[in-house]
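# Commentary on secondary and tertiary structure
Given next are the chains, with one letter for each unit.
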Amino acid sequence: MKNAHPTAELLGFSVSLLDMDQTLEFFQDLISQREPNLIMTLDATALVLAQELPGFADIIRRATLRTADGAGVKWALRRKGHTVTRVSGVDLVERMTELSAQRGYRLYFIGAEPGVTDLAAERLRLKYPGCNIVGTHHGYFPADSDPVVAADIAKLKPDVVFAAMGMPRQEQFILNTMQAIGAPIMMGVGGSFDVFSGKTKRAPKLMQALHLEWLWRLMLNPTKIAKVKKLPKFALMVLREGR
Ligand code: UDP
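Report on the accompanying structure. (Residues numbered from 1 in each chain as written. Predicted model: local features only at pLDDT ≥ 70, side-chain atom pairs only at ≥ 80, totals over all residues. Heavy atoms only, no water.)

## Brief notes about the overall build of the protein
In terms of helices and strands, the protein carries 13 helices and 8 strands. Its C-alpha radius of gyration of 17 Å places the protein within 12% of the 18 Å reference for a compact globule of 243 residues. Taking the principal axes of its C-alpha atoms as reference, the protein extends roughly 50 × 45 × 35 Å. Counting over 243 residues, the protein shows a buried share of 50%. For the protein, the share of sequence-separated contacts (at least 6 apart) that also reach a separation of at least 24 residues comes to 74%. Counting only carbon and sulfur atoms, one obtains 54% of the accessible surface of the protein, whose full area is about 11500 Å². (Helix = DSSP H or I, 4+ residues; strand = E, 2+ residues; numbered from the N terminus. Rg over C-alpha atoms; globule rule 2.2 N^0.38 Å. Buried < 20%, exposed > 50% of the residue type's maximum accessible area, 1.4 Å probe, protein only. Contact = heavy atoms within 4.5 Å. Areas by Shrake-Rupley, 256 points an atom, 1.4 Å probe, with all protein chains shown as cover.)

Pasting the structure below:
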């Protein structure tokens, strides 16, 4: 089957079991096929939103690939006997940028506050000389401007569009524009450009290894408490589903 990949079922969605390197290979296959695809990272927040937000579950189902992201999803899949490595948006942006420097893939960054996106691109260009970031746009515009923004992006013929506008706005933007833009990979990547611009700092490696990145984010930005509050609900949903 086209674009088949190993998956596990979790709360009504099939979640990819590909690790980071395999996901990058999958992306390269998609790029060679030239059809537009929505890609999502699936974390506990996304799975709770799927139950709370009308229409969001359908959006998740439309994705070609849903990566396992976050300690919660990793735990839920381990209960079902699957060992997964985390494939996060921020790591995928970085690895694709590195690949772009080697293979010339055309990347477009949209999302985050004005200035932040440019800074993220600039810093990645310094880190991966020769990477092909063909354009950037901030993420603060109304949905009725999506077609206008999309027309400008389409002219640049990107292979990959990373949209960092938070859920569900970034996925709505992708679905509104994917046919017009036609990029083989269109992916929501949350707060990634804030990280690459230096606006937010990633958790120290030790905290990442202990799956405490959420606690680090909460310490830096207490408004994230809304997300953390969803975790007990997520745990209950997983326990109710059983193995
Ligand atoms: N954002 C945006 N447009 C909006 C609302 C948010 O571009 O209308 C950006 C915001 O500046 C931030 C990102 O979307 O860079 C969302 O980050 P968040 O931390 O919520 O994402 P997470 O990774 O936690 O899903």
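What follows continues from the structure just given.
## Focus on the sheet that holds strand β5 (residues 106-111)
Strand order in this open sheet of 6 strands is β4-β3-β8-β7-β5-β6, and the pairing throughout is parallel. Edge positions in the sheet fall to β4 (65-68) and β6 (132-137), since each of these pairs with one other strand and no more. Ignoring which end each strand starts from, the neighbouring axes of this sheet average 20° apart. Both β5 and β6 contribute to a ladder of 5 bridges, which runs parallel. Within β6, the residue paired with Tyr-108 across the bridge is Gly-135. (Pairing = 2+ DSSP bridges. Axes fitted to C-alpha atoms, helices over the stretch in contact; angles between N-to-C directions.)

## Notes on the pattern of salt bridges
Tallied over the full model, the rule gives 15 salt bridges. Across the pair Glu-94 and Lys-127 runs a salt bridge whose closest N-O atoms are separated by 2.7 Å. Linking Glu-94 in helix α5 (residues 89-103) with Lys-127 in helix α6 (residues 116-127), this pair joins segments that are 33 residues apart in sequence. Lys-127 sits in the exposed class, given a relative accessible area of 52%. Its salt-bridge partner being Arg-202, residue Glu-213 comes within 2.9 Å of it at the nearest N-O pair. One end of the pair, Glu-213, is in helix α11 (residues 213-220); the other, Arg-202, is in the loop between α9 (192-197) and α10 (205-209), with 11 residues separating them in the sequence. Take Glu-213: its relative accessible area is 7%, and that puts it in the buried class. Owing to a relative accessible area of 25%, Arg-202 belongs among the partly exposed residues under this scheme. Through salt bridges that share partners, Asp-69, Arg-86, Asp-91, Arg-202 and Glu-213 make up one connected network. (Salt bridge = Lys/Arg side-chain N within 4 Å of Asp/Glu carboxyl O.)

Honestly, that's just the spatial picture; any functional story needs more than this.
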